[in-house]
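# Examination of the molecular architecture
Take a look at the letters that make up each chain.
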Amino acid sequence: MKKILFPSLALAMSLTLTACNSNNDTNEVSQQSPSEYDRELVKFPENYKEGVLYTTVNRGSMRGEIYTSREVIEAVQDGQQVPSGAVITYEIYNDDELSEIFVMEKRTGWGDQNPPDTPQNGDWLYQEFNGDRSLDYEEDIGRCFSCHANRERDDYMQTFDEMQSFDLEDVTGSKDRNTESRLAGISTEGWEINAIGDNHEMIDDEKKGEMIQNTLLAFYLHQD
Ligand code: HEC
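Rules and cut-offs
- Residues numbered from 1 in each chain as written.
- Predicted model: local features only at pLDDT ≥ 70, side-chain atom pairs only at ≥ 80, totals over all residues.
- Near = placed C-beta within 6 Å.
- Helix = DSSP H or I, 4+ residues; strand = E, 2+ residues; numbered from the N terminus.
- Nonpolar A, V, L, I, M, F, W, Y, C, P; charged D, E, K, R; others polar.
- Buried ≥ 20, exposed ≤ 12 C-beta atoms within 10 Å, placed from the backbone.
- Contact = placed C-beta atoms within 7 Å.
- Core = buried A, V, L, I, M, F, W, Y, C linked by C-beta atoms within 7 Å.
- Pairing = 2+ DSSP bridges.
- Axes fitted to C-alpha atoms, helices over the stretch in contact; angles between N-to-C directions.
- Arc of directions from axis to C-beta.
- pLDDT = per-residue confidence, 0-100.

An unreviewed UniProt entry lists the protein under the name Cytochrome P460 domain-containing protein, with Terribacillus saccharophilus given as the organism.

Encoded structure:
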């Protein structure tokens, strides 16, 4: 089967770029009507370490540790809706130093609280904190929504599969996602790069789509 890389990659790139551009727009908008989007709605989850470290991510000098509550993992494993009040916390270490803490939180009624010009992600909102737990006001939160929106079928959770397969008896959370080798291991075999013609065939292989998303995230996490 022929697969055309460019259209989807271009689409993903333009999503990222659109989100970048909307940073300035958002600032302008928020100066006119500051109450439109409450940037402080998602607070720092003080007790996240009491939850479950269910997966880790390794990409070169970057390491990620992802925590959530037992209830969230149980809901996923039981095929239930993730409950309101769910919080997922993603610690990002660069060269062993905690540099960012990404948080997503779901609450009934938050669905219409997303920033302007971003896709709604169910009842989830996103937040970024610096390594010292202070809120990172410089981050364009719209980007979180744009990228996670691709996982609508998994209730916007990128690590849905890891939650599903996590052994709740295994308190060490040692299952390694090892995205580094997955990225390095992208095989171009069987791929063809074509100009976009009449036949706008998109990537039909979920795994490859996921890898491209991972690559974009890797760029995103390593940018200054
Ligand atoms: C380019 C795509 C992309 C962007 C932008 C992005 N994420 Fe993610 N996010 C991912 C991927 C992929 C994962 C799975 C873990 C990994 O591979 O690093 C993830 C995982 C997460 C998780 C762990 C729960 C889950 O969904 O698996 C949280 C929390 C999270 N991201 C929050 C954020 C926040 C907050 C932002 C914005 C500051 C953000 N993300 C921006 C792609 C993205």
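So that's the structure; there's more coming.
## So, the site of the ligand
Contacts to the ligand come from 26 residues, most closely from Phe102, Cys144, Cys147, Gln158 and Thr159. Counting residues per element, the shell around the ligand draws most heavily on helix α6 (residues 206–222), which supplies five residues. In terms of residue class, the shell around the ligand is built from 15 nonpolar, eight polar and three charged.

## Points about the environment of Glu128
Inspection of the secondary structure puts Glu128 in strand β5 (residues 124–130). The class of Glu128 is buried, set by 20 C-beta atoms lying within 10 Å. Through-space distance from the C-alpha of Glu128 to that of Lys43 is 9.7 Å; in sequence the pair is 85 residues apart. Beyond its immediate sequence surroundings of up to four residues, Glu128 is in contact with Glu100, Phe102, Asp136, Glu139 and Ile141.

## Let's talk about the nonpolar core
Counting residues in hydrophobic clusters, the biggest one holds 30 residues, and the most contacted among them are Tyr54, Ile73, Ile88, Val103, Tyr126 and Met163. Secondary-structure elements contributing two or more residues to this core are β1 (52–59), β2 (62–68), α2 (70–77), β3 (87–94), β4 (97–106), β5 and α3 (142–148). When neighbours within four sequence positions are excluded, Ile73 is seen to be in contact with Val52, Tyr54, Thr68, Met163, Phe166 and Leu168.

## Observations concerning the sheet that holds β5
Here five strands make up an open sheet; going across it, the order is β1-β2-β3-β4-β5 and the pairing antiparallel. Among the strands making up the open sheet, the edge pair consists of β1 and β5. Averaged over neighbouring strand pairs, the angle between their axes works out to 15 degrees when direction is ignored.

## Concerning the pairing of β4
Alignment of β3 against β4, held across eight bridges, turns out to be antiparallel. Across the sheet, the residue bridging to Asn94 is Glu97, located in β4. In sequence, β3 turns back onto β4 through a hairpin of two residues, with Asp95 there showing a positive phi of about 50 degrees. Here β4 runs beside β5; their pairing, made up of seven bridges, is antiparallel. Bridged to Val103 within β5 is Gln127.

## Details of α2
Taken as a whole, α2 has its buried residues at Val72, Ile73 and Val76. Viewed end-on, α2 has its buried residues packed into an arc of 95 degrees, placing them on one side of the element. Against the buried residues of α2 lie β1, β2 and α4 (160–165). At the C-terminal side of α2, Gly79 shows a positive phi close to 70 degrees.

## Focus: the pairing of β1
Each regular strand displays side chains that alternate between the two surfaces of the sheet. Judged from the seven bridges that link them, β1 and β2 form a sheet pairing that is antiparallel. Bridging across to β2, Val52 finds its partner in Thr68. Counting the residues in the hairpin turn of β1 and β2 gives two residues, including Gly60, whose phi is positive at 60 degrees.

## Points about the confidence of the model for the protein
Note that predicted coordinates carrying low pLDDT should not be read in detail. When pLDDT is averaged across the protein, the result is 80; 68% of the residues are at 70 or more. Every residue in residues 1–7 scores below 50 in pLDDT, and together they form 16 contacts with partners more than four places removed in sequence or on other chains. Below pLDDT 50 for its whole length, residues 13–35 participates in 19 contacts with residues either more than four positions away or in separate chains.

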